[in-house]
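What follows is each chain in one-letter form.
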Amino acid sequence: MTESASIQPDDVRIIRALQIAPRASFAAIANALGLTEGAVNRRYRPLRADGVIRVAGVVNPGALGQSRWLMRLRCRPGSVAAIADALAKRDDINWVALGAAGCEVTCATQSRTREQREDLLVQRLPRTAAVIDINAFAMLRQFLGGRGHYWSALQGTLSPREEAALGSGGPPFTESPVVTREPLRLTLEDEELLDALAADGRASLVDLATAADLTPGRASRRLEALLQHRVVHIDVEIAAAALGYHARAHLWLRAHPSAVKSAGRTLAQEPEIAFAAAISGPWNIHAVAHTRDLDELFEFTSERIGSLTGLQSMEVSPVLKYVKQAGTRLLDDRLVEPSSARARR
């Protein structure tokens, strides 16, 4: 499955169903979509094996009291690939992208502890000779991302009746502070559950219970608590190029301070936008856009983003390639499951 043309209409419907209810059984998805359980199973497995989609539990460090940061690194020519690869290997780096100019790496931290974050931002990167310049931005308010976007470019794939039949795979995303004021303390069993979900967000309750040494009932209740407290969300990661979206860009926006919230909320409604957050620094909004080609990117940014009330300036930084997204490595625009996930299959 190497071309977007090989993606069938029912594949896209199944992907959309998983966005809405990522842990729904094949039987439930089949019932909602009017397919057979066997058909859903036969389509899902190659989509996963070929790196088109991956369902995984993604931890939100903000629910544990830790801040999240974006970084832009300007690197010496010839060093960018090695630096991006080294960053992608770190568990506390959620995504890594190479800028189209070939000398910039953009990434996001998911540090679980202050020590882990400071080791990266204060100790390791500044001492790397190949890194010429570092800019770090704290996320201040998240408008869209994770369970919030469901990659809204696929909205309309299913009818309202089909979507309603799927229920919900977790609490809906609402705009919120990045760091909660009442962080949750994780138990050893919680950590084991989170590790199992990171490997496979659709792991059965029996498998989760085994991983955490709990009964299935206790594992179910603990998972529900982690979802409700937003410690983890079940993310359906999609290889955008497989669905025909070949132009990706990071948008760095400067809006008038009084317009940051309204601009962020407007961005969150745009189907091309997969992530949007208010950040510290000279650019006060960061967003990620997916479009089919550069011409569509130009039309989108010049007409719809350019007309945002209060927008003062914008930088459009096309992505050469993603090395990692939502904790998953990519190779040739396809998601690569970690060895732990492959071992559990």
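Above this text sits the structure in question.
These numbers come from a predicted model, not from an experiment.

Let's talk about unusual backbone geometry
Move 1: In this model, Arg230 sits at a positive phi of 60 degrees, which is unusual for a non-glycine residue.
Move 2: The residue Arg230 is located in the loop between α9 (216-228) and β7 (232-238) in this model.
Move 3: Phi angles above zero are rare outside glycine, and Ala326 is one such case at about 50 degrees.
Move 4: Considering the arrangement of structural elements, one finds Ala326 in the loop between β11 (311-325) and β12 (328-331).

Remarks on the pattern of salt bridges
Move 1: In total, this model carries 17 salt bridges according to the counting rule given.
Move 2: In this structure, Arg141 engages Glu175 in a salt bridge whose closest nitrogen and oxygen atoms are separated by 2.8 Å. A residue pair is termed long-range when its members are at least 10 positions apart, and Arg141 in strand β5 (residues 131-144) and Glu175 in the loop between α6 (160-166) and β6 (176-177) qualify at 34 residues.
Move 3: Classification of Glu175 by relative accessible area gives partly exposed; the value is 27%.
Move 4: In this structure, Arg222 and Asp190 form a salt bridge, with 2.6 Å as the shortest nitrogen-oxygen distance. Note that Arg222 is positioned in helix α9 and Asp190 in helix α7 (residues 188-199), a separation of 32 residues in sequence.
Move 5: Among the charged side chains, a network of salt bridges with common partners joins Asp10, Arg13 and Glu162.

What counts and what doesn't
- Residues numbered from 1 in each chain as written.
- Predicted model: local features only at pLDDT ≥ 70, side-chain atom pairs only at ≥ 80, totals over all residues.
- Heavy atoms only, no water.
- Helix = DSSP H or I, 4+ residues; strand = E, 2+ residues; numbered from the N terminus.
- Salt bridge = Lys/Arg side-chain N within 4 Å of Asp/Glu carboxyl O.
- Buried < 20%, exposed > 50% of the residue type's maximum accessible area, 1.4 Å probe, protein only.

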